[in-house]
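Overview (structure and organization)
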Amino acid sequence: MIGFYAGSFDPFTNGHLSIVKKASKCFEKVIVGIGVNPEKKPRIDKDKMKIAIEQTLKEENIYNVEVVLYTTLTINEAKKHNANILIRGLRNGTDYQYEENIASINEVHSGLDTCYFRAGEFGHLSSSVVMELYNYNEEIKNYVPRPVNELLENLRKEK
């Protein structure tokens, strides 16, 4: 089975990594799809984030996960990669309500079901919180994988 884990990953956090680790143990292959939403301006260059995620996977010895960029509907991209199921992470009950609505629509339009993984110890973590800390020059290395932290530190130096 192939799972498709979509997100903006702006940035990719340790919470996202936790979901990928769990999913990689349950699926033959996992595709991490970095969606480019034309309505949202990305905070971090998607190509650079893709490289940082790939470096993270290599450092974590996770070899059944591929990272792709896409601009289409998630369900269409998942089908393009022969995914059997969509993967989502849940931090809390509010996330569940939001995700369940999307999952229902996705299933009607594509036939793809959704598998949820708990964020567990990272339930408090979001990309927005990480970026807020980053923007105020606070330490974020405990919240993102090393390659992502390195990418963000390099971006800080370029400013």
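Anyway, here's the lowdown on the structure attached to this text. (Residues numbered from 1 in each chain as written. Predicted model: local features only at pLDDT ≥ 70, side-chain atom pairs only at ≥ 80, totals over all residues. Heavy atoms only, no water.)

1. Here's the deal with the overall build of the chain
Let me state the cut-off plainly: Only DSSP runs of H or I reaching four residues or more are called helices, and only runs of E reaching two or more are called strands; each is numbered from the N terminus. Only C-alpha atoms enter the radius of gyration; for comparison, a globular chain is expected to reach 2.2 Å times N to the power 0.38, where N is the number of residues. Note on classification: 1.4 Å probe, protein chains only; a residue is buried when its accessible area is under 20% of the maximum for its type, exposed when over 50%, partly exposed between these limits.
When its secondary structure is counted, the chain shows six helices and five strands. Ordered by position in the sequence, the α and β elements of the chain form the string β-α-β-α-β-α-β-α-β-α-α. Its C-alpha atoms give the chain a radius of gyration of 15 Å, within 12% of the compact-globule value 15 Å for 159 residues. By its C-alpha atoms, the chain is 45 × 30 × 30 Å across when sized along the principal axes. For the chain, buried positions account for 45% of its 159 residues.

2. Topic: the pairing of strand β3 (residues 65-70)
Quick note on the threshold: Two strands pair under a simple rule: DSSP has to find at least two bridges between them. With strands facing away from the observer, any crossover in which the path from the first strand over the helix to the second runs clockwise is taken as right-handed.
The sheet contact formed by strand β2 (residues 29-35) and β3 spans six bridges and is parallel. Directly across from isoleucine 34, in β3, lies its bridge partner leucine 69. Remark: the β2/helix α2 (residues 46-59)/β3 crossover connection has right-handed handedness.

3. Remarks on the side chain of threonine 56
Definition in use: Only heavy atoms enter the contact rule, under which two residues are in contact if any of them lie within 4.5 Å.
Its place among the elements puts threonine 56 in helix α2. Using a relative accessible area of 2% as the deciding quantity, one classes threonine 56 as buried. Not counting chain neighbours up to four residues away, the residues in contact with threonine 56 comprise Phe12, Leu17, Pro145, Pro147 and Val148.

4. Here we look at the nonpolar core
Our working rule: Definition used in this section: a nonpolar core is a set of buried Ala, Val, Leu, Ile, Met, Phe, Trp, Tyr and Cys residues joined via side-chain atoms within 4.5 Å.
Counting residues in each nonpolar core, the largest one holds 33 residues, and the members touching the most others are Tyr5, Phe12, Ile53, Ile87 and Leu152. With sequence-adjacent residues up to four places away left out, isoleucine 53 is seen in contact with Phe9, Phe12, Ile34 and Val67.

5. Some remarks on the packing of aromatic side chains
Aromatic ring pairs are described here by two measures, namely the spacing of the ring centres and the angle between the planes. We apply this condition: Note on ring pairs: Phe, Tyr and Trp rings are taken, using the six-membered ring of Trp, and paired if centres are within 6.5 Å. Classes follow the plane angle, with under 30 degrees stacked, over 60 edge-to-face and the rest tilted.
Overall, the coordinates contain four aromatic pairs when judged by the stated rule. Between the aromatic rings of tyrosine 5 and phenylalanine 9, the centroid separation amounts to 5.2 Å while the plane-to-plane angle is 70 degrees, which identifies the pairing as edge-to-face. Overall, tyrosine 5 belongs to the buried group, its relative accessible area being 4%. The class of phenylalanine 9 is buried, set by a relative accessible area of 2%. Their ring planes at 55 degrees and their centres at 5.6 Å tell us that phenylalanine 9 and phenylalanine 12 sit as a pair that is tilted. Connected via pairs of aromatic rings, a cluster forms that spans Tyr5, Phe9 and Phe12.

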